[in-house]
Amino acid sequence: MSLSPTASAALSPNSAKVGLKGGMRAVQSTRRMARGRRKNSPRTAAASRSGARRDAFGKGEEAFKLNPAEFSVFGKASTNVLGVGYISRVRLVQHKQTREFYVAKEMTKSDVIRKNAITQILNEKRTLSRFATSKMPSPFIVMFFGSYQTPDALFFVYEFLAGGELFRQLRIQKRFSNNTAKFYAGEIVCALEYLHAHKIMHRDLKPENVMIDVTGHVKLIDFGFAKGFSKGGKCYTKLGTSHYLAPEMLIAKERLAREGYTACVEWWALGCLVFELLTGKTAFGKSGMRSHDVYQAIRDGKRSMATPKYVSDDASACIEALLRRNPKKRPQTARDVKKLAWFEEVDWQALGERRICPPYVRARAPYRPSLVGICKCRSFVRSFVRSVSYTHLRA
């Protein structure tokens, strides 16, 4: 079944200039603004609401422009959802000619407008397009292949990461061993080092945004909150997931706009992530806790639990170093993080080149799954596993 019979233009970063507040009023306002700003934009006074919505998302550049007729949904479209996000659903699709598997991130335009997320998705495409065209792409960043749109939805096409979310693997295993956590944390450090070298902060590091590919290595995803450094190396807006926000991001809005924060917030988030990998619990706040209460716990430095005794001394010292409330006392760069005692034995060159064998745990969820194995484990949501016959997947 084809996702769409219509080949529409790809999403354009130029349309980031268009400001949409939501609903029909915003679409009409956008049309008026576009007449003066974009002379070549095809606007007509008699455009329907759906037509205006298509124009609002732009005609776009040729680069990364895909034809939706070339892809088909694998399995039942109603149940093959690999994951669900704030404004999206991620589905498994197959290229009709090459028979290769990809994932399509589907975002309905009405939801994007209603939740005021246009800047977020344009930012994600711009960032990933930059990485995809880089002469030296990172093996720890998800590969972006392109985008297309239908009259009602937008689609971003990525590589298929058959291992699923690190978050789901962690929930299945309860907690990771010291070496397993160190391996995943080390590869995440390599990903962040690449981003910072390109003057970009991810700003939403958490287990849900770390995927495992078919070989068992990690890939960083979801760049909707990614932001380029300013001239002073700072950002000035509070964005991210509440449990992983650094204290310097939780100050008053006016003060934050003046002082900003540096890439040290990424190392705070890494500290929260390492704590969670080793204990199975979030460092600050508990599941279901209100964001306001989580923020207060972070400001006060009150963790959800003390570091357990089974966590090694070096790992505990690493967590303490990364979770220092004063950002000036935290590691400032990836080089500083690599010098921590917990990472002392890591061969960073081999790790960065993915020459270190990933952890393999003989448990319910293999860490190096094949395309066949995806339906034998719980890497993805159960509805997808039930909807796909794994005999049709080729390893």
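First things first, this report covers the structure right here in the doc. Fair warning: this is a prediction, and the values are worked out from it, not measured in the lab. (Residues numbered from 1 in each chain as written. Predicted model: local features only at pLDDT ≥ 70, side-chain atom pairs only at ≥ 80, totals over all residues. Heavy atoms only, no water.)

## A closer look at the overall build of the protein chain
- Along the protein chain, the regular secondary structure elements total 13 helices and eleven strands.
- Of the roughly 18900 Å² that the protein chain leaves accessible, carbon and sulfur atoms contribute 50%. (Helix = DSSP H or I, 4+ residues; strand = E, 2+ residues; numbered from the N terminus. Areas by Shrake-Rupley, 256 points an atom, 1.4 Å probe, with all protein chains shown as cover.)

## Re the packing of aromatic side chains
- Counted by the stated rule, this structure contains 15 aromatic pairs.
- Their ring planes at 55° and their centres at 5.0 Å tell us that W342 and F343 sit as a pair that is tilted.
- The positively charged end of K115 is found above the aromatic ring belonging to Y86, 4.7 Å away from the centroid.
- Here the guanidinium or amino end of R175 rests over the ring plane of Y310, the centre of that ring lying 3.8 Å away. (Phe/Tyr/Trp six-rings, centres within 6.5 Å; stacked < 30°, edge-to-face > 60°. Lys NZ or Arg CZ within 6 Å of the ring centre and 35° of its normal.)

## What about the packing of helix α6 (residues 178-197) against helix α8 (residues 264-279)?
- For the pair α6 and α8, the least separation of the axes is 10 Å and the interaxial angle reads 160°. As judged from the angle between their axes, α6 and α8 are roughly antiparallel. When you trace α6 past α8, the crossing you get is right-handed. Counting all contacts with α6, which are made through N178, A181, Y184, A185, I188, V189, L192 and H196, the residues of α8 involved are E266, W267, L270, L273, V274, L277 and L278. (Axes fitted to C-alpha atoms, helices over the stretch in contact; angles between N-to-C directions. Parallel < 35°, antiparallel > 145°, perpendicular 65-115°, else oblique. Left-handed = near helix turned anticlockwise from the far one by under 90°. Contact = heavy atoms within 4.5 Å.)

## Considering the pairing of strand β5 (residues 144-149)
- The buried count for β5 comes to five of six residues, which makes it a mostly enclosed element.
- Here five bridges tie β5 to strand β6 (residues 153-159), and the two strands are oriented antiparallel to one another. Among the inter-strand pairings, Y148 is bridged to a residue of β6, identified as F155.
- Here β5 hands over to β6 after three residues, the two strands then running antiparallel side by side. (Buried < 20%, exposed > 50% of the residue type's maximum accessible area, 1.4 Å probe, protein only. Pairing = 2+ DSSP bridges.)

## A few points about the environment of R203
- When you line up the elements, R203 lands in the loop between β8 (200-201) and β9 (210-212).
- Between the C-alpha atom of R203 and that of G240, which follows or precedes it by 37 residues, the distance is 5.7 Å.

## Some details on the pairing of strand β3 (residues 89-95)
- Burial of β3 is extensive: five of the seven residues sit out of reach of the surface.
- Summarising the sheet, strand β1 (residues 71-73) and β3 pair through three bridges and their orientation is antiparallel. Each residue of the ladder has a partner; that of S72, found in β3, is Q94.
- Bridge count for strand β2 (residues 81-84) against β3 is three bridges, and the pairing is antiparallel.

## Examining the packing of α8 against helix α10 (residues 313-322)
- Axis separation between α8 and α10 bottoms out at 8 Å; the angle between their running directions is 150°. Considering the angle they form, α8 stands roughly antiparallel to α10. Between α8 and α10 lies a crossing of left-handed hand. Along the contact surface, α8 presents W267, W268, L270, G271, V274, F275 and L278, while α10 presents A315, I319 and L322.
- Across the contact of α8 with α10, the residue classes break down as nine nonpolar, one polar and no charged. (Nonpolar A, V, L, I, M, F, W, Y, C, P; charged D, E, K, R; others polar.)

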